[in-house]
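Results of the structural survey
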Amino acid sequence: MYLVTAQEMRNIDHFAIDTLGIPGVVLMENAGRAVAESIQRKFPEPKNAVVLCGTGNNGGDGWVAIRYLLFAGWNVEAWLVGNEDKLTPDAKIFYHVCQKLTSVHIYHDKSKQKLMKKHLQEAQVIVDALLGTGVKGELRPLLREVVSLINQQPKAWVVSVDIPTGMDTDTGMVSSEVVHAQQTITFGYPKWGHYLYPGADVCGEVNVVDIGLPTQFPADLTPKAQLNEPALWRGYIQPRNPWAHKGTYGHALLIGGAKGMLGAITMAGAVAYRSGVGMVTLTVPEGQEVSLAGKVTQELIWSWSGKSVFSAESAKQFMERASRYSAVVIGPGLGRFMGEDKWLGDLLSTIKAPLVLDADALNILADHPELIKLRDSEYPTVLTPHPGEMARLLHCSISEVESSRLSAARTVANHTGMIVVLKGRYTIIAYPTGKQVVNIIGSPALAKAGSGDLLAGLLGSLLAQRIPANQAVPMATYLHGQAGVIASQTVSEHAVCYQDIIVALGKAFEQLPLS
Ligand SMILES: NC(=O)C1=CN([C@@H]2O[C@H](COP(=O)(O)OP(=O)(O)OC[C@H]3O[C@@H](n4cnc5c(N)ncnc54)[C@H](OP(=O)(O)O)[C@@H]3O)[C@@H](O)[C@H]2O)[C@@H](O)CC1
Ligand SMILES: [K+]
């Protein structure tokens, strides 16, 4: 499903209305009706509702919802916030219908505040149809007052129409007052703000409803982002070939495992096998080989010179066996060391296979951005930073990354020509083509050391199986997130450890539709 900006949504609306000739009021009717139906599904018995409408088309959806709730026997207090003469033409049609069914209260200054407060206190359901995708900047004082009144009602079920009033559609940034909704009902396609912090925190559950908008558009109108779902990569999961041998499913080389961090590469290796690759080799500094051998069973070990960390020259050893590996992951437990830039540069210029750079490999890259041009762009490279690593790559603060996750991911993808997986809630995959995929499947159970190593190993495994990077990356983030969800249903969200994720990954695969 597409994930859209306010401008992309306006383009789609115009295409539907002006090019295809679907009347705007039909879309508004569908939108408002969907809101009323969704509320009735939550509350099968009629209740007291307050519906607050702005003067734009978001308010228009509210007028339609009022009519359907009244028809269903609800007691509805209808409010217009703003001046009648500012109503849009479509909203005005449904406003006049409402006026014939009930009395509409008008709020254009504080004189009606007491009455509105009383209505809100008596309501079981409050519908926020004040502002939708037409919001511009900080809320003006009138709306700020009303939003503050809504937020003072702890007991009511607050439903926002399209987006919570006060939230920016594209960035998820919020005004000094923003509606804290329990439910947001959005039309056609979800908006970026629903999945970006802090907006994502005020939306409650997000329901996307169909209002009869088109699903296919001319190329220049096609939105650039999609939500991650199996439909994007389903065709790449095949049943295993009964004639297969271990070579059929590729060979992943994982490089890392400095002293004190052998666990990282061990977890990455274990998850790689669990996600289907035929062979896994773990490469660690020589001094770590004995300890690693005591930890792993199924993995091959190929150590390179170095005691507790790699020596600068050790990467040259890769040349001896370069052609054996169908994907390489550099980073799990890698650590930092003297000559690391030369070491990474040697690898970047000799690896002729899909490559994942994680953890300290990203930190080396952040300190030596000139290394990027050593990588042959013919082979896909995936960067998997968490917000801290992303901040180092961009030389900014973590809070700057978190307040502009989309542009951070997009900037690095654009600058490096590599696929960027900005981890966190929610994971953003940015492609150098300017497209993005957002992964919303996951669990706070994954907020533990080791999660990143598991994702890197999983990704390396899918790439080694020769699944194209454009599909392997969203597939890996989805499976990783889904394994987190399944694991937290099996053991408590607090207790989930890496073994639980690895076991749950089996279930996550099982639930995927095979092509
Ligand atoms: N046909 C369609 O396209 C469909 C659209 N649909 C619905 O329409 C919604 C988009 O409608 P929209 O474009 O009319 O904008 P909307 O969100 O109502 O806001 C405009 C009003 O807000 C005001 N305003 C702006 N910023 C403000 C601020 N900071 N503080 C205070 N006021 C502010 C602005 O005032 P102005 O700047 O003009 O003075 C104007 O009055 C969309 O979210 C969906 O719900 C569905 O029905 C399906 C079909
Ligand atoms: K709204």
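Everything numeric here is computed off the predicted structure, so don't read it as measured data.

**So, the pairing of strand β18 (residues 436-439)**
Side chains of β18 alternate between two faces, with Gln436 and Val438 and Val437 and Asn439 buried alike. In terms of strand pairing, strand β17 (residues 427-430) meets β18 through four bridges, oriented antiparallel. Along β18, the bridge assignment pairs Ile429 with Val437. Counted along the chain from β17 to the antiparallel partner β18, the turn is five residues long, and its residue Gly434 has a positive phi close to 95°.

**A look at the site of ligand 1**
The immediate surroundings of ligand 1 are formed by 24 residues, with Asp61, Lys86, Leu131, Gly132 and Asp162 found nearest. A distance of 2.7 Å separates a nitrogen atom of ligand 1 from a polar atom in the backbone of Lys136. Between Arg140 and ligand 1, the recorded distance is 3.0 Å, taken from a side-chain N or O atom to an oxygen atom. Counting atoms within 2 Å of the grid points, the majority share of ligand 1 lands in the largest pocket. Contributions of two or more residues to the shell around ligand 1 are made by α1 (6-19), α2 (24-42) and α3 (57-71). No other element matches α3, which puts three residues into the shell around ligand 1. Tallied by class, the residues present in the shell around ligand 1 amount to nine nonpolar, eight polar and seven charged.

**Some remarks on the coordination of the potassium ion (ligand 2)**
Ideal values differ by geometry: the angle at a metal is 109.5 degrees with four tetrahedral donors, but 90 or 180 degrees with six octahedral donors. Every protein donor of the potassium ion (ligand 2) is accounted for by Asn58 (OD1), Asp128 (O), Leu131 (O), Val161 (O) and Ile163 (O), and the metal-donor separations fall at 2.6 to 3.0 Å. Considered as a linear motif, the donors of the potassium ion (ligand 2) on their single chain read N-x69-D-x2-L-x29-V-x1-I. Residue Leu131 is found in the loop between β5 (125-129) and α6 (141-151), and its partner Ile163 is found in the loop between β6 (157-161) and β7 (183-187); the two are separated by 32 residues along the sequence. For Ile163, a relative accessible area of 1% puts it in the buried group.

**Quick notes on the environment of Thr477**
Along the chain, Thr477 falls in helix α17 (residues 469-490). Along the primary structure Thr477 and Ile428 are separated by 49 residues, whereas in three dimensions their C-alpha atoms are 9.6 Å apart. Here Thr477 is in contact with Asn228, Val421, Thr427, Ile429, Asn439 and Leu455, once residues within four sequence places are set aside.

**Focus on the packing of aromatic side chains**
For the structure on display, the rule yields 19 aromatic pairs. Here Phe310 and Trp343 contribute two aromatic rings whose centre-to-centre distance is 5.2 Å and whose plane-to-plane angle is 25°, an arrangement assigned as stacked. Of this pair, Phe310 sits in the loop between β12 (300-301) and α10 (318-321) while Trp343 sits in helix α11 (residues 340-350), and the two are 33 residues apart along the sequence. Here Phe310 matches Trp343 in class, with each residue buried. Within the aromatic cluster, the residues linked to one another by ring pairs are Trp302, Trp304, Phe310, Phe318, Tyr325, Phe337 and Trp343. Taking NZ or CZ as reference, Arg240 lies 3.9 Å from the ring centre of Tyr249, over its face.

**A word on the layout of surface pockets**
Here the largest pocket defines a volume of roughly 1100 Å³. Along its surface, the largest pocket is lined by 40 residues, and Gly56, Asn57, Asn58, Gly132 and Gly134 are the ones closest to its centre. Those elements that provide at least two residues to the lining of the largest pocket are α1, α2, α3 and α6. With six residues, α1 is the largest single contributor of residues to the lining of the largest pocket. Residue composition of the lining of the largest pocket, grouped by class: 16 nonpolar, 14 polar and ten charged. Each pocket or cavity is described by its volume, and for the second largest pocket that value is around 710 Å³.

**A closer look at helix α8 (residues 262-274)**
In this model, α8 (13 residues) spans 19 Å end to end at C-alpha, consistent with the 18 Å of a helix rising 1.5 Å per residue. Counting buried residues in α8 gives ten out of 13 residues, a clear majority hidden from the surface. For α8, the set of buried residues is Leu262, Ala264, Ile265, Thr266, Met267, Ala268, Gly269, Val271, Ala272 and Tyr273. Contacts made by the buried residues of α8 are with β10 (251-255), β11 (279-283), α9 (289-293), α16 (451-464) and α18 (498-510). Where α8 ends, the next residue or the one after it, Gly276, has phi of about 105°, a positive value.

**Description of the UniProt feature "binding site: K(+)" (unreviewed entry) in the protein**
When the UniProt feature table is mapped to this numbering, "binding site: K(+)" (unreviewed entry) covers Asn58, Asp128 and Thr165. Judged by maximum C-alpha separation, these annotated positions cover 108 residues in sequence but sit close together in space, the widest gap being only 9.9 Å. Lining the largest pocket, from the residues named above, are Asn58. Note that Asn58 resides in helix α3.

**Comments concerning the sheet that holds strand β16 (residues 419-422)**
As summarised here, the arrangement of the eleven strands in space is β1-β9-β18-β17-β16-β15-β14-β13-β10-β11-β12, forming an open sheet in which the pairing is mixed. Two strands bound the open sheet, and with one partner strand each, they are β1 (2-3) and β12. Here three bridges tie strand β14 (residues 355-357) to strand β15 (residues 381-383), and the two strands are oriented parallel to one another. Looking at the pairing, Leu357 lines up with Leu383 of β15. Across the face of the sheet, α17 comes into contact with β15, β16, β17 and β18 while running at roughly 10° to β16.

**Examining the pairing of β16**
For a regular strand, side chains alternate in direction, first toward one face of the sheet and then toward the other. Of the two faces of β16, the one carrying Ile419 and Val421 and the one carrying Val420 and Leu422 are both buried. Pairing analysis gives two bridges linking β15 to β16, with the strands arranged parallel. In the sheet register, Leu383 faces β16, and the bridge partner there is Val420. The hairpin turn running from β16 into β17, its antiparallel successor, is four residues long, and Gly424 in that turn takes a positive phi close to 120°.

**Considering the packing of α17 against α18**
Running from N to C, α17 and α18 cross one another at 110°; their axes reach a closest spacing of 8 Å. Comparing their axes, α18 and α17 come out roughly perpendicular. Where α17 abuts α18, its residues Leu479, Gln482, Ala483, Gly484, Ile486 and Ala487 lie against Asp500, Ile501, Ala504, Leu505, Lys507, Ala508 and Phe509. Taken together, the residues of the contact of α17 with α18 break down into nine nonpolar, two polar and two charged.

Calculation criteria
Residues numbered from 1 in each chain as written. Chains lettered and ligands numbered in written order. Predicted model: local features only at pLDDT ≥ 70, side-chain atom pairs only at ≥ 80, totals over all residues. Heavy atoms only, no water. Buried < 20%, exposed > 50% of the residue type's maximum accessible area, 1.4 Å probe, protein only. Helix = DSSP H or I, 4+ residues; strand = E, 2+ residues; numbered from the N terminus. Pairing = 2+ DSSP bridges. Near = heavy atom within 4 Å. Polar contact = N/O pair within 3.5 Å; in protein donor to acceptor, adjacent residues only side chain to side chain. 1 Å grid on protein atoms, 1.4 Å probe; cavity = no way out; pocket = protein on both sides within 12 Å on 5 of 7 lines; lining within 4 Å. Sits in = over half its atoms within 2 Å of the grid points. Nonpolar A, V, L, I, M, F, W, Y, C, P; charged D, E, K, R; others polar. Donors = N, O, S within 2.8 Å, 3.2 Å for Na, K, Ca; no water. Contact = heavy atoms within 4.5 Å. Phe/Tyr/Trp six-rings, centres within 6.5 Å; stacked < 30°, edge-to-face > 60°. Lys NZ or Arg CZ within 6 Å of the ring centre and 35° of its normal. Points joined across faces, edges and corners; volume = space filled by probe spheres on them. Expected span 1.5 Å × (residues − 1). UniProt positions renumbered as here; feature names shortened; annotations may be inferred. Axes fitted to C-alpha atoms, helices over the stretch in contact; angles between N-to-C directions. Parallel < 35°, antiparallel > 145°, perpendicular 65-115°, else oblique.

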